[in-house]
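Spelled out, the chains give:
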Amino acid sequence: MLLRVFHEKITLGRAAAEQAATAIRRAVSERGRARIIAATAASQLEFLDALTKSAGIDWTKVEVFHLDEYIGLPITHAGSFRKMLMEQLVEKTGVRDYHLLEGDAADPARAIREVSKKLASAPIDIAFLGIGENGHIAFNDPPADFNTEKPYIIVELDEACRQQQVGEAWFADISQVPKQAISMSAKQILKAKEILAVVPDKRKAHAIKACFEGEISPMAPASIIRRHPNATIYLDRDSASLLGPALQSVLAKDSQATLS
């Protein structure tokens, strides 16, 4: 796994977008299409903006799957991840083949089954991730289920995760944040050929330290990324600030380090 550190998140976003665009163009060139997983949140804004402006991507040949969505939240709500996916990626690129998670469906479990079949029909070329303040990937809060084989699961959101959504101003207070969500499972995320995680900001520093210097554990969900053979984590100086002296020394020399 490769850690890359940048001074600020605009440069970080552009560098991550360059890698992502290369992966998409390569997949389209080799197989005629690319299949991607997209994260949407405040931390992904600069990255997705740069990606949608990347040259040479035929977005009509890109199929997009979404990571997660709240149970019971309509797509019109400012905090809806479907709304963010549409605004930050689909509408900017003209992607035609995309799969929304209908968290407000009358039967969310049925909606999950339908998207899961499509997701499992062929390999995923690259997955874009964020990492939460509590170390979550998608909505796999601690203790995350590292064992389920289901592509999507319904999860209970912990208080730290729900408070993060208030802090990002998607909700006025924690009482308005749904308590359940649909989440892509950790095992499903790891099935992607390549993983690219964009994690800026000081508020993510404790999670970065726990996930990449501590044990691989369900209590630090993003730590499971270390088991993937082709993962790159994009940090800024703030999110990397609590990493230990040895790793900081390596990063100070060339702004990247490889972890096993």
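Check the entry above for the structure.
These remarks concern the structure in this document.

Thresholds applied
- Residues numbered from 1 in each chain as written.
- Predicted model: local features only at pLDDT ≥ 70, side-chain atom pairs only at ≥ 80, totals over all residues.
- Heavy atoms only, no water.
- Helix = DSSP H or I, 4+ residues; strand = E, 2+ residues; numbered from the N terminus.
- Buried < 20%, exposed > 50% of the residue type's maximum accessible area, 1.4 Å probe, protein only.
- Polar contact = N/O pair within 3.5 Å; in protein donor to acceptor, adjacent residues only side chain to side chain.
- Phe/Tyr/Trp six-rings, centres within 6.5 Å; stacked < 30°, edge-to-face > 60°.
- Core = buried A, V, L, I, M, F, W, Y, C linked by side-chain atoms within 4.5 Å.
- Contact = heavy atoms within 4.5 Å.
- Pairing = 2+ DSSP bridges.
- Axes fitted to C-alpha atoms, helices over the stretch in contact; angles between N-to-C directions.

1. Overview of the environment of K83
Okay, so step 1: With respect to the helices and strands, K83 occurs in helix α3 (residues 81–93).
Okay, so step 2: What makes K83 partly exposed here is its relative accessible area of 24%.
Okay, so step 3: For the pair formed by K83 and L100, sequence separation is 17 residues and the distance between their alpha carbons is 9.5 Å.
Okay, so step 4: A polar contact of 2.8 Å, which involves the side chain of K83, links it to the side chain of E87.

2. What about the packing of aromatic side chains?
Okay, so step 1: For the structure shown, the criterion picks out 6 aromatic pairs.
Okay, so step 2: Measuring from centroid to centroid gives 5.1 Å for F47 and F128, while their planes differ by 80°, and the two rings are edge-to-face. Of the two residues, F47 sits in helix α2 (residues 45–52) while F128 sits in strand β6 (residues 126–129), which places them 81 residues apart along the sequence. For the residue pair F47 and F128, the accessibility class agrees, reading buried in each case.
Okay, so step 3: On the basis of an interplanar angle of 80° and a centroid distance of 5.6 Å, the ring pair of Y70 and F171 is categorised as edge-to-face.

3. Comments concerning the nonpolar core
Okay, so step 1: The biggest cluster of nonpolar side chains holds 46 residues, and the ones touching the most others in it are L3, I131, Y152, F212, I225, I233 and L235.
Okay, so step 2: Take this core: its biggest share by element is 4 residues, from helix α7 (residues 205–213).
Okay, so step 3: Each residue touching L3, except ones within four places of it in the same chain, is listed here: F212, I233, L235, L243, L247, L251, S255, Q256, A257 and L259.
Okay, so step 4: In this structure, F47, V64, M86 and Y234 belong to the second largest nonpolar core, which totals 32 residues.

4. Examining the sheet that holds strand β5 (residues 97–99)
Okay, so step 1: With mixed pairing, the 8 strands of this open sheet are ordered in space as β5-β3-β2-β6-β9-β10-β1-β11. Each edge of the sheet is formed by a strand with only one pairing partner; in this case those strands are β5 and β11 (256–258). Looking at each pair of strands side by side, their axes are set apart by 15° on average, direction ignored.
Okay, so step 2: Relative to strand β9 (residues 195–199), β6 runs parallel, the two being bridged by 3 bridges. Of the residues in β9, the one forming a bridge with L129 is A197.

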